[in-house]
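Summary of the model geometry
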Amino acid sequence: MIQLPTIVVLTGAGISAESGIATFRAPGGLWEGHRVEDVCTLEALVRDPALVHRFYDLRRAALASVAPNVTHDALARLDREWRGALLIVTQNVDDLHERAGAVRLLHMHGELRSALCAACGARRVWEAALPPRTGCPACGAPALRPDIVFFGEMPYQMERIADALSRANLFVSVGTSGAVYPAAGFVRLAREHGAATLELNLDRSEGSGWFDETRRGPAGILVPAWVDEVLTSYPPSSRT
């Protein structure tokens, strides 16, 4: 029996763009018409909580009008059929990976359908609007906020991600600009530990030069083809 490689996949806004979700930062530094500094920093939350909460309320509500695409489906298939170790790390705050069926998944930048208590740190699933000063069901403090990692905050589960990258035999980056750290540094960390590295992206990213191999094109074409390639290379009879 063949020992299966350990795979870590990083996904970015490019994969959800094919479902109709705008990428994080458009030309001009705007995110859906807003300066990032006005909607994705702690300073913005203190200065204008109504604007920040309303912005994420609209993003959360918009999830009802989008669906997973073939890229999400392909990665869910990999999660379902791959018997080796796998971790999908997403920078996206939508829930399209989950709706496609992915389970071995980590949201490093938070989730739209989650609320975080700034007082006690409790999290809970949140589907409706989230007005400022909403009370926390856990501690009662009027401190619920969108469960989004703002600029200047530490992304979630970095120790788990670093451990996975240190064990990976293959690191694959899909649909990300390679401009936002710490995610942009994952390829170098994986290489330091001997992993092969592959980039699947529509355009050249800022980190393309760090990858052993890059493939250019829409995620909806590249990712299903890559998943087929992986699963064909290790048919069920050979997997441990």
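Rules of the game
Residues numbered from 1 in each chain as written. Predicted model: local features only at pLDDT ≥ 70, side-chain atom pairs only at ≥ 80, totals over all residues. Heavy atoms only, no water. Helix = DSSP H or I, 4+ residues; strand = E, 2+ residues; numbered from the N terminus. Rg over C-alpha atoms; globule rule 2.2 N^0.38 Å. Contact = heavy atoms within 4.5 Å. Areas by Shrake-Rupley, 256 points an atom, 1.4 Å probe, with all protein chains shown as cover. Lys, Arg positive; Asp, Glu negative; His and termini not counted. Charge placed at Lys NZ, Arg CZ, Asp CG, Glu CD. Salt bridge = Lys/Arg side-chain N within 4 Å of Asp/Glu carboxyl O. Buried < 20%, exposed > 50% of the residue type's maximum accessible area, 1.4 Å probe, protein only. Phe/Tyr/Trp six-rings, centres within 6.5 Å; stacked < 30°, edge-to-face > 60°. Lys NZ or Arg CZ within 6 Å of the ring centre and 35° of its normal. Pairing = 2+ DSSP bridges. Axes fitted to C-alpha atoms, helices over the stretch in contact; angles between N-to-C directions. UniProt positions renumbered as here; feature names shortened; annotations may be inferred. Core = buried A, V, L, I, M, F, W, Y, C linked by side-chain atoms within 4.5 Å.

This paragraph deals with the overall build of the chain. What the chain contains, in helices and strands, is nine helices and 11 strands. Taking 2.2 N^0.38 as the reference for a compact globule, 240 residues should give roughly 18 Å; the C-alpha atoms of the chain span a radius of gyration of 18 Å, in line with that estimate. Across its three principal axes, the chain shows a C-alpha extent of roughly 55 × 40 × 35 Å. Put simply, of all contacts in the chain between residues at least 6 apart along the chain, 63% involve residues at least 24 apart. Looking at the chain as shown, the accessible area adds up to about 11200 Å², and 55% of this sits on carbon and sulfur atoms. The averaged location of the 27 negative side-chain charges in the chain is 2 Å from the averaged location of its 24 positive side-chain charges.

Attention shifts here to the pattern of salt bridges. Applying the stated criterion to the full structure yields 16 salt bridges. Across the salt bridge formed by aspartate 95 and arginine 99, the nearest N and O atoms sit 3.0 Å from each other. A salt bridge links arginine 167 to aspartate 163; the nearest nitrogen and oxygen atoms lie 3.0 Å apart. A residue pair is termed a helical-turn pair when its members lie 3 or 4 positions apart in one helix, as arginine 167 and aspartate 163 do in helix H7 (residues 158–167) at four residues. Judged by relative accessible area, which is 55%, arginine 167 ranks as exposed. Within this structure, Asp95, Arg99, Arg113 and Glu127 form a network of salt bridges that share partners.

Here we take up the packing of aromatic side chains. By the definition in use, this model includes four aromatic pairs. Pairing phenylalanine 55 with tyrosine 56 gives two aromatic rings, centres 5.1 Å apart and planes at 85°, and the pair type is edge-to-face. As far as burial versus exposure is concerned, phenylalanine 55 and tyrosine 56 are alike and both buried. A connected cluster of aromatic rings, assembled from ring pairs, spans Phe55, Tyr56 and Phe150. One residue, arginine 59, lies across the ring of phenylalanine 55, its end atom 4.6 Å from the ring centre.

Pairing in this open sheet of three strands is antiparallel, and the strands run E7-E6-E8 from one edge to the other. In this open sheet, the two strands that pair with only one neighbour each are strand E7 (123–125) and strand E8 (144–148). On average, each strand axis in the sheet is tilted by 40° relative to the strand beside it, whichever way the strands run. Both strand E6 (residues 110–117) and E8 contribute to a ladder of four bridges, which runs antiparallel. Paired with cysteine 117 across the two strands is leucine 144, which belongs to E8.

Quick look at the UniProt feature "active site" (unreviewed entry) in the chain now. Annotation from UniProt places "active site" (unreviewed entry) at His109. The residue histidine 109 is located in the loop between strand E5 (105–107) and E6 in this model. Apart from residues no more than four positions distant in its own chain, histidine 109 is found in contact with Thr90, Gln91, Val93, Asp147, Ile148, Val149 and Pro155.

Counting residues in each nonpolar core, the largest one holds 24 residues, and the members touching the most others are Val9 and Trp226. With seven residues, the single largest contributor to this core is helix H9 (residues 219–233). If we ignore the near neighbours within four places in the chain, the residues touching tryptophan 226 are Ile7, Val9, Leu75, Leu78, Leu170, Val172, Leu198, Leu200 and Arg215. Membership of the second largest hydrophobic core comes to 17 residues, among which are Leu10, Leu106, Leu165 and Ala183.

All right, on to the pairing of E6 then. In the case of a regular strand, side chains alternate between the two sheet surfaces. Burial runs high along E6: six of the eight residues are buried. Inspection of the sheet shows E6 paired to E7 by three bridges, in the antiparallel sense. When the sheet's bridge partners are listed, serine 114 is paired in E7 with valine 125. What sits between the antiparallel neighbours E6 and E7 is a turn of five residues, in which glycine 121 has the positive phi angle 85°.

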